[in-house]
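# Structure assessment
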Amino acid sequence: MAEKKSYRVTGLLAEGGMAQLFNIVYADGHKAVLRVLHGRYVWRIRPRRRFVNGLKMRAELSPHEHIASTLEFGSKWLKPYEIIEMVDDSNLKVLINQRSEALRMHRDEILLGAAKGLAYMHQKKLLHLDVKPENFLIDYSDRFEPVVKLTDFDLACTVEQGRNTRPAGTPAYMAPEQFNLKISLRASDVFAFGVMAYHACSGRFPFSGDSELQTMRNQADENVKPKRISEYCRDISPRMERVIMRCLAKRVQERYPDMDACLNDMCS
C-alpha cells in the first residue's frame with residue numbers, strides 16, 4: 001500500500017447502506033473517493049466486522065484493471081475507512097435503466113470486463129456475493145472502449161466461508177443453492193452474473209412473478225426455466241446467449257463452476 005497522503009474533502013458523493021462516500025482531492029489534484037463506515041455502525045460488531053472485511057478484500061485484490069482499487073485504508077476517529085480510485089462516469093444499472101446507446105454498442109465488452117473482475121476474485125479463492133449492475137462501474141475516460149470495474153466488497157468472503165456462512169446478498173441475483181441449501185459457491189456468483197447479463201441484454205429479468213416472493217420462488221425452483229434471450233434481443237450472438245443461459249442453469253453441476261470457466265467460453 002502506498003504511503004498515506006493528505007487530501008481534502010470536496011463534498012458528499014453518496015449515502016450507501018453501510019457507508020458514506022465523499023469526493024476528495026489530493027494536493028497534486030488527483031481525485032479519489034473516501035468511503036467511511038456510517039456512525040450508527042461504529043459500535044455494532046457484525047456490521048463493523050463486515051465493513052472492515054470488505055476493506056481488506058478490496059486491498060487484497062488491488063491493483064487490478066477490473067477492480068475499483070484501494071489507494072488507502074485504515075481507521076480514523078474509530079471509524080474504518082477506505083480511499084478508492086475515482087470512476088466518475090456511470091454504472092451498469094444506470095445504463096440498463098436508461099436503455100443506453102453506449103450499452104447497446106459495447107454490451108459484449110462490458111460483460112467481458114465484468115467477467116474478468118469476477119474471474120480474478122475466483123482465482124484468489126474469494127466470492128463477491130453481491131453481483132449486480134450497480135456494483136460494476138463503467139469508465140470511459142480516454143479509451144476507445146469502456147473499462148468495467150467491480151466494486152462493493154462488503155459481503156465478500158473466502159470460498160470456505162461461503163460454504164459455512166448463511167448466505168446474504170440481493171435476492172433478485174441469488175442462486176437456487178443459496179435459497180435451498182443455504183450455501184454460497186463460486187457458481188453462485190456465476191448465476192448472479194447470468195441474471196445481470198440477461199437483464200443487460202434483454203431489459204428483463206430471467207425470472208419473474210406476480211410478487212417479489214413469487215419471483216424468488218421461481219428463481220429457486222429448478223423446474224422454472226428462463227426464456228431464450230434472443231426472444232427479446234435479436235442482435236445477441238449465439239455464443240453470448242449460450243454462455244448466459246448456462247450461467248442461469250438452476251443445478252450447480254450444469255452451470256459454470258466459476259467465472260474463469262465462464263470467461264474462457266466467452267473468449268473462445
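Per chain, the residues get numbers from 1 upward, laid out in the order the sequence is written. At least 70 in pLDDT is required for a residue's local features to be given in this predicted model, at least 80 for side-chain atom pairs to be given and counted, and no such filter applies to totals for whole chains, interfaces and linings, which use all residues. Side-chain calculation: all heavy atoms of the structure are included, whereas hydrogens and water are not.

### Side note on the sheet that holds strand 8 (residues 136–139)
- A strand pair is defined by DSSP finding two or more bridges across the two strands. Under the DSSP-based scheme used, a helix requires at least four consecutive residues in state H or I and a strand at least two consecutive residues in state E, with every element numbered from the N terminus. Taking strand neighbours across the sheet as the criterion, the three strands line up as 6-8-9 in an open arrangement whose pairing is antiparallel. A single partner strand is all that each edge strand has here, and the edge strands are strand 6 (90–91) and strand 9 (147–150).
- One ladder, built from four bridges, connects strand 8 with strand 9; its direction is antiparallel. The residue of strand 9 that forms the bridge with Phe 136 is Leu 150.

### A short note on the pattern of salt bridges
- Salt bridge, as used here, is a side-chain nitrogen of Lys or Arg placed within 4 Å of a carboxyl oxygen of Asp or Glu. Under the definition given, this model contains 14 salt bridges.
- A salt bridge links Arg 255 to Glu 177; the nearest nitrogen and oxygen atoms lie 2.9 Å apart. Taken together, the residues Arg 255 in the loop between helix 8 (238–247) and helix 9 (259–267) and Glu 177 in helix 5 (residues 176–180) connect sequence positions 78 residues apart. Judged on exposure class, the residue Arg 255 and its partner Glu 177 are both buried.
- What you see here is one network of salt bridges that share partners, running through Arg 35, Arg 58, Glu 82 and Asp 154. A simple rule labels every residue: compare its accessible area, found with a 1.4 Å probe on the protein chains alone, to the largest value its type can have, and call it buried under 20%, exposed over 50%, or partly exposed in between.

### Considerations on the sheet that holds strand 2 (residues 19–26)
- A sheet is described by the order of its strands in space; here five strands give the open sequence 1-2-3-5-4, paired in antiparallel fashion. Because the sheet does not close on itself, it has two edges, and the strands there are strand 1 (7–15) and strand 4 (70–76). Taking the axes of each pair of neighbouring strands and ignoring which way they run, one obtains an average angle of 25 degrees across the sheet.
- Note: strand 1 against strand 2, seven bridges, orientation antiparallel. Bridging from a neighbouring strand, Gly 11 pairs with Asn 23 of strand 2. Every angle, taken between N-to-C directions, lies between 0 and 180 degrees, and every axis is a line fitted to C-alpha atoms, over only the stretch in contact when it is a helix.

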